[in-house]
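Residue-level listing of the chains:
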Amino acid sequence: MAGYILRRLLSAALTLFFVVTLTFFLMHAVPGGPFLGEKNLRPEIIESLNRKFGLDKPVHEQYINYLGNLLRLDLGPSMAHLGLTVNQIIARTFPVSAKLGAVSILLALLFGIPMGVLAALKRGKWQDHTVMFIATLGIAVPMFVVATVGMIVFGVKLKWLPTIGLKSARHYILPAFALSFFPMSFIARLMRSSMLDVISQDYIRTARAKGLSRAVVIYKHALKNSILPIVTYLGPLTAGIMTGSFVVEKVFTIPGLGRYFVESINSRDYSVIMGVTIFYAFLLIVMNLIVDVAYVFIDPRIKLEK
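Scoring rules and cut-offs
- Residues numbered from 1 in each chain as written.
- Predicted model: local features only at pLDDT ≥ 70, side-chain atom pairs only at ≥ 80, totals over all residues.
- Heavy atoms only, no water.
- Helix = DSSP H or I, 4+ residues; strand = E, 2+ residues; numbered from the N terminus.
- Buried < 20%, exposed > 50% of the residue type's maximum accessible area, 1.4 Å probe, protein only.
- Contact = heavy atoms within 4.5 Å.
- Areas by Shrake-Rupley, 256 points an atom, 1.4 Å probe, with all protein chains shown as cover.
- Lys, Arg positive; Asp, Glu negative; His and termini not counted.
- Charge placed at Lys NZ, Arg CZ, Asp CG, Glu CD.
- Axes fitted to C-alpha atoms, helices over the stretch in contact; angles between N-to-C directions.
- Parallel < 35°, antiparallel > 145°, perpendicular 65-115°, else oblique.
- Left-handed = near helix turned anticlockwise from the far one by under 90°.
- Nonpolar A, V, L, I, M, F, W, Y, C, P; charged D, E, K, R; others polar.
- Core = buried A, V, L, I, M, F, W, Y, C linked by side-chain atoms within 4.5 Å.
- 1 Å grid on protein atoms, 1.4 Å probe; cavity = no way out; pocket = protein on both sides within 12 Å on 5 of 7 lines; lining within 4 Å.
- Points joined across faces, edges and corners; volume = space filled by probe spheres on them.

Engineer: Teacher, can you tell me more about the overall build of the protein here?
Structural biologist: In terms of helices and strands, the protein carries 13 helices and 0 strands. Secondary structure of the protein in N-to-C order comes out as α-α-α-α-α-α-α-α-α-α-α-α-α. Expressed as a percentage of its 306 residues, the buried residues of the protein come to 42%. Relative to all contacts within the protein whose residues are 6 or more apart in sequence, the contacts with residues 24 or more apart total 73%. Roughly 16,800 Å² of accessible area belongs to the protein as shown, and the carbon and sulfur atoms make up 69% of that amount. Side-chain charges of the protein comprise 31 positive and 15 negative groups, with the mean position of each set lying 14 Å from the other.

Quick look at the structure:
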């Protein structure tokens, strides 16, 4: 396993290098700059700001300097939020997104897995149709629609739930539901498909023939082998939600990493865009590695070295 992890780490370093390179040159290929949108700035002030942040140098020289700073884990200063570095912005906003993301992932698993199991066991019946209707709705309806409708109905009309910030447990309900609705629906469909495949296997029929109870067959034998696709999906899901949903954090005015990322795009804040992109890529790689290692403990038949 140590050899496999080492190879994955080397592959991760190469992947991050390509992500950094591609993002850097794409950012600089876009016309304009971070200070051209500012009102009432004289050309000499813009030139001074470009000189301060090194934007007056050739692109290849900026790239080499950025790689050197990145090796020291320095993501550079923010060009839109003066006095703040990208490292400080990530350190301050990522915990907010991570807490909301953890609650959303927990909701998606707590509801998605039982829904998928129920639909598989009641295949063709009204329970199956109901679960699939909800799952299809969750996949088809965009996240910003779920967030907006939830805010209007439960926050503005009924006044049951708060709609701004994350000051208490009640503040988490609407944004967490909006974040978890799509993954919950996807997990339900994935679990149903996997469960239907597993319960048709010979070893499940053998377990039933041995006289084992339905609960033991389902939860001890079928569920354990059906969960692997869900574990696979948890890697990119965790990375995406933990770094913050851009739409949900903007709708509910949550000071998370996603909100800063949207603002950095609008203001052409190169360093924040680069930093958040690299951070997301790193988190995605780490989560996928954890998922691959977890396979061995969930299913001993899987050998990573092979």
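Read on, since the account is not over.
Engineer: Looking at this structure, how should I read the packing of helix H5 (residues 126–140) against helix H7 (residues 173–198)?
Structural biologist: Helix-helix packing is characterised by the crossing angle of the two axes and by the distance between the axes. The geometry of H5 relative to H7 is characterised by a closest axis approach of 8 Å and an angle of 135 degrees between their N-to-C directions. By the criterion of interaxial angle, the relationship of H5 to H7 is oblique. For the element pair H5 and H7, the recorded crossing hand is left-handed. Across the interface between the two elements, Asp 128, Val 131, Met 132, Ile 134, Ala 135, Thr 136, Leu 137, Gly 138 and Ile 139 from H5 touch Phe 181, Phe 182, Ser 185, Phe 186, Ala 188, Arg 189 and Arg 192 from H7. Counted by class, the contact of H5 with H7 contains 10 nonpolar, 3 polar and 3 charged residues.

Engineer: Even after reading the chapter, I still don't get the nonpolar core, so can you show me in this structure?
Structural biologist: Side chains of nonpolar character tend, in soluble globular proteins, to be buried together. In this structure, Leu 100, Ile 113, Ile 187, Met 191, Met 195 and Phe 252 are the most contacted members of the largest nonpolar core, which totals 48 residues. Those elements giving two or more residues to this core turn out to be helix H4 (86–121), H5, helix H6 (143–157), H7, helix H8 (202–209), helix H9 (214–226), helix H10 (228–242) and helix H13 (270–298). Element by element, the count of residues in this core is highest for H7, at 12 residues. Setting aside its immediate chain neighbours within four residues, Met 191 contacts Ile 113, Gly 116, Val 117, Leu 223, Ser 226, Ile 227 and Ile 230. Residues Met 27, Phe 53, Leu 70 and Leu 257 belong to the second largest nonpolar core, which totals 22 residues.

Engineer: Would you explain the layout of surface pockets in this entry?
Structural biologist: Empty space among the atoms becomes apparent when a probe as large as a water molecule is rolled across them. Estimated volume of the largest pocket: approximately 460 Å³. Those elements giving two or more residues to the lining of the largest pocket turn out to be helix H1 (2–29), helix H3 (59–71), H4 and H13. Residues of the lining of the largest pocket, tallied by class, amount to 13 nonpolar, 2 polar and no charged. Reported here for the second largest pocket is a volume of approximately 370 Å³. Considering the residues around the second largest pocket, the lining is formed by 19 residues, among which Phe 53, Gln 62, Tyr 66, Asn 69 and Met 79 are closest to the centre. The set of elements that each furnish at least two residues to the lining of the second largest pocket consists of H1, H3 and H13. Counting residues per element, the lining of the second largest pocket draws most heavily on H3, which supplies 4 residues.

Engineer: Whenever I open this one, the environment of Val 103 confuses me. Can you help?
Structural biologist: If you trace the backbone, Val 103 turns up in helix H4. If near-sequence neighbours (up to four positions away) are discounted, Val 103 is found in contact with Tyr 172 and Ala 176.

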